[in-house]
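In case you want the letters, here they are:
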Amino acid sequence: MKQLRLFVVAGILGFACTGIAGQVKPDGNRGDTEATEPKEGVFIHVTESYNNPRQVLMPMKMAVLMAVDKDVVVYMDLKSVELLVKGARDLSYPDFESFQAYMKVLTGMGVKIYACPICLKISGYAPADLMDGVKLARKEELIGSTKGRVISMDY
């Protein structure tokens, strides 16, 4: 039920925040800005895991809210990489959606989610262990993932 609520809220926010001017045109332009005007970006850095669910789920919730009208990148390192592997148990906390529910929404919105390759290796995992929609972080992709001003949120 919470997952359905998250999809409905994300859809309503998306509609309310974009309106008619924000509809995507066939050429890919949203219509509310010049095609050359850079879109602001939000870089969200997550380090925690099962031992601190609020410190994981709050940035995931922020990523969903920001992705409505910003380019969002989620970078997960240190302990958080264990949440990104296939078969990882879900993470939940009162008043938040579950981690996997947020992942499903974010990947559906086209948000880029990256795992630190060194942290993944130290945690005993290989790149092939990453769940669908998660990529290994590479400098070129992280730096070039947003255009315009970038806001950083560190959790």
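Residues numbered from 1 in each chain as written. Predicted model: local features only at pLDDT ≥ 70, side-chain atom pairs only at ≥ 80, totals over all residues. Heavy atoms only, no water.

## Section: the sheet that holds strand β5 (residues 150-154)
Hydrogen bonds between backbone groups are what pair the strands of a sheet, and the pairing can be parallel or antiparallel.
Inference 1: The strand order β4-β3-β2-β1-β5 describes an open sheet built from five strands, whose pairing is parallel. Because the sheet does not close on itself, it has two edges, and the strands there are β4 (134-136) and β5. Averaged over all neighbouring strand pairs, the angle between strand axes comes to 25 degrees, with direction disregarded.
Inference 2: Pairing geometry for strand β2 (residues 71-76) and strand β3 (residues 112-115), over four bridges, is parallel. By the bridge assignment for β3, Tyr 75 is matched with Tyr 114.
Inference 3: The sheet contacts of helix α2 (residues 53-66) involve β1 (41-46), β2 and β5, and relative to β1 the element is tilted by about 165 degrees. (Pairing = 2+ DSSP bridges. Helix = DSSP H or I, 4+ residues; strand = E, 2+ residues; numbered from the N terminus. Axes fitted to C-alpha atoms, helices over the stretch in contact; angles between N-to-C directions. Contact = heavy atoms within 4.5 Å.)

## Some words on α2
Inference 1: With 14 residues, α2 should reach 20 Å at 1.5 Å per residue; the first-to-last C-alpha distance of 20 Å fits that figure.
Inference 2: Regarding α2, the residues found buried are Pro 53, Val 56, Leu 57, Pro 59, Met 60, Met 62, Ala 63 and Val 64. (Expected span 1.5 Å × (residues − 1). Buried < 20%, exposed > 50% of the residue type's maximum accessible area, 1.4 Å probe, protein only.)

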